[in-house]
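Architecture and fold: a report
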Amino acid sequence: MRFYPFPLALLLIAFAVLLRAADSQGNSMSTTFVAPMPMDLPDYLRPATDPAFGTNFMRITKPGALGGGVVCGTKYCSHRYSSAQAWNADQSLLVLANGCNGLCFLDGKTYAPLFHRDKGGECEWHPRDADVMICVEDRKISIWAPRTDHEDVVFVTAQYHDLQFGPSKGNPSRDGKRIAVRAVRDDGKAVVFAFDLADRFKFPDIDLAQVPGTTSSCTISPLGTNILCFQNLADGTEQRAILSVDGTLRQRWTDHHRPGHGDLTLDDDGSEVYVGISKSSPDKYHVIKRRLSDGKVTSLTGYGEAEHASSRALKRPGWVFLTYGGNPEEISANPGWAPYAREVIALRIDGSGEVRRIVQTRNAPSDYWSETHASPSPDGTQVIWSSNWGVAGGPVYDFVTRVDWPENQNKKEIVANGQP
């Protein structure tokens, strides 16, 4: 009998690597391209397993009446956006805002429909008080409790109108005390101002005419000291302006969309950063982070097809959740690119390249409402995302994937996207 100890050892090592790659509910250690694996559309509210990564997930919407007054439209029924928090602070409630004729509330863990509210304006969850949302509408700011439908108006004005929480990209500061509000003053000037919800104090108006272009949205920074505004120039260039709450222009990023489709968070050293996708050189189509204090840019991935970034996992600092689109055949043919196609991943923002692969979305490109817009729960153990399940123009459903986080994971073992 002949023995082949060396090849056998290699086989054992390879098998061990595969086992580790499938560990922790399939959150793959691999950073190579994984081809989409075919899978039938899961039944509504029936547990399913992603065949690529072994993660557990569930379809939580379907067209028609779900119960509790929740009725989903035939084209789409989904959470609002990647950078909007879908869950409340203790994750007992989950809100859908697209395609259900108002705000539809589900159980935050079982996803059973609970109740519907017809609420005007724009509301975002308070990051610490699980019972309430912060709402902005026309001439008022309020604290609203969805379960009881009780509203406490904290600011009402006759001097401003068209008050907006962003719109669309507005979030409160991490402690829930401050927001940024866009408004039109009675003299016709477009302004933004910070508002302290705890002290019910309005900061001075900031005239948006001081920065070029048309303002599309503004939001307060995580620490509540800065306001980030998105400016669109006539030639299509998307710029960013960072202003202090007292109106001082601190930074102006004139390069196009560098970054965009992102979210604000805190870096490991406590610095406020905006993490998103760059559309300008020298890091075009990389995921980057950019520091609000001085504009310093750090590339976090190689060239790829990332579409949206979310840092709504406030209790899991240092991570951003990324939605990748792209054509799988094109991604597989370019080994130098970030190896993710129609997939949701979590990426550590410290530059190490550490990745957790969450789910394959099977989402065919179509229109805005079909975009995946993955967004995590506050502790990062759940991720909500949308998909038309490979049927471009077909119904768009929402799904939730459960994420297991082994706290003893060694981040130095995972390097991705060609980063050192």
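Residues numbered from 1 in each chain as written. Predicted model: local features only at pLDDT ≥ 70, side-chain atom pairs only at ≥ 80, totals over all residues. Heavy atoms only, no water.

Attention shifts here to the overall build of the protein chain. A tally of helices and strands in the protein chain yields two helices and 31 strands. Within the span of the protein chain, comprising 420 residues, buried residues form 54% of the whole. Partitioning the intrachain contacts of the protein chain with sequence separation of at least 6 by distance along the chain shows that 50% fall at a separation of at least 24. On the protein chain, roughly 17500 Å² of surface is accessible, and the fraction owed to carbon and sulfur atoms is 52%. (Helix = DSSP H or I, 4+ residues; strand = E, 2+ residues; numbered from the N terminus. Buried < 20%, exposed > 50% of the residue type's maximum accessible area, 1.4 Å probe, protein only. Contact = heavy atoms within 4.5 Å. Areas by Shrake-Rupley, 256 points an atom, 1.4 Å probe, with all protein chains shown as cover.)

Attention now moves to the pattern of salt bridges. As a working rule, side chains carrying opposite charge can pair if their charged atoms are close by. Here the structure, examined in full by the defined rule, presents 21 salt bridges. The partner of Lys202 in a salt bridge is Asp205, with the nearest N and O atoms 2.7 Å apart. The structure contains a network of salt bridges with shared partners spanning Lys119, Glu137, Lys140 and Glu151. (Salt bridge = Lys/Arg side-chain N within 4 Å of Asp/Glu carboxyl O.)

In this section: the packing of aromatic side chains. Tallied over the entire structure, the rule returns 21 aromatic pairs. An angle of 80° between the planes, with centres 5.1 Å apart, marks the rings of Tyr368 and Trp369 as edge-to-face. Tyr368 sits in the partly exposed class, given a relative accessible area of 40%. The exposure class of Trp369 is partly exposed, given its relative accessible area of 35%. Taken together, Phe57, Trp385, Trp389, Tyr397 and Phe399 form an aromatic cluster joined through their ring pairs. If you follow Lys202 out to its NZ or CZ, it ends over the ring of Phe193, 4.6 Å from the centre. (Phe/Tyr/Trp six-rings, centres within 6.5 Å; stacked < 30°, edge-to-face > 60°. Lys NZ or Arg CZ within 6 Å of the ring centre and 35° of its normal.)

Before going further, it helps to spend a moment on the environment of Tyr76. Tracing the backbone shows Tyr76 in the loop between β4 (70-72) and β5 (93-96). Taking the C-alpha atoms as reference points, Tyr76 and Trp369, separated by 293 residues in sequence, lie 6.9 Å from one another. In this view, Tyr76 contacts Asn98, Gly99, Trp369 and Val396; residues no more than four positions away in its chain are not counted.

With respect to the helices, strands and loops of the structure, Glu272 is situated in strand β22 (residues 272-277). This buried residue, Glu272, is left without a salt bridge; Arg250 holds the nearest opposite charge, at 6.2 Å. Looking at Glu272, its side chain comes within polar contact range of the main-chain nitrogen of Leu223, at 2.8 Å. Setting aside its immediate chain neighbours within four residues, Glu272 contacts Ser221, Pro222, Leu223, Gly224, Thr225, Asn226, Thr265, Leu266, Arg290, Arg291 and Leu292. (Lys, Arg positive; Asp, Glu negative; His and termini not counted. Polar contact = N/O pair within 3.5 Å; in protein donor to acceptor, adjacent residues only side chain to side chain.)

That bond from Gly166 to Pro167 is cis: its omega, -5°, falls within 30 degrees of zero. Relative to the assigned elements, Pro167 resides in the loop between β12 (160-164) and β13 (178-185). The step from Arg258 to Pro259 runs through a cis peptide bond, and the omega angle for that step is 0°. Structurally, Pro259 can be placed in the loop between β20 (249-253) and β21 (260-266).

With that settled, the discussion passes to the pairing of strand β28 (residues 355-360). Burial of β28 is extensive: six of the six residues sit out of reach of the surface. When strand β27 (residues 343-348) meets β28, the two strands line up antiparallel, connected through five bridges. Bridge pairing links Ile345 to Arg357 in β28. In textbook terms, the turn of a hairpin is the stretch between consecutive antiparallel strands, and for β27 and β28 this stretch comprises six residues, one of which, Gly351, has a positive phi near 90°. (Pairing = 2+ DSSP bridges.)

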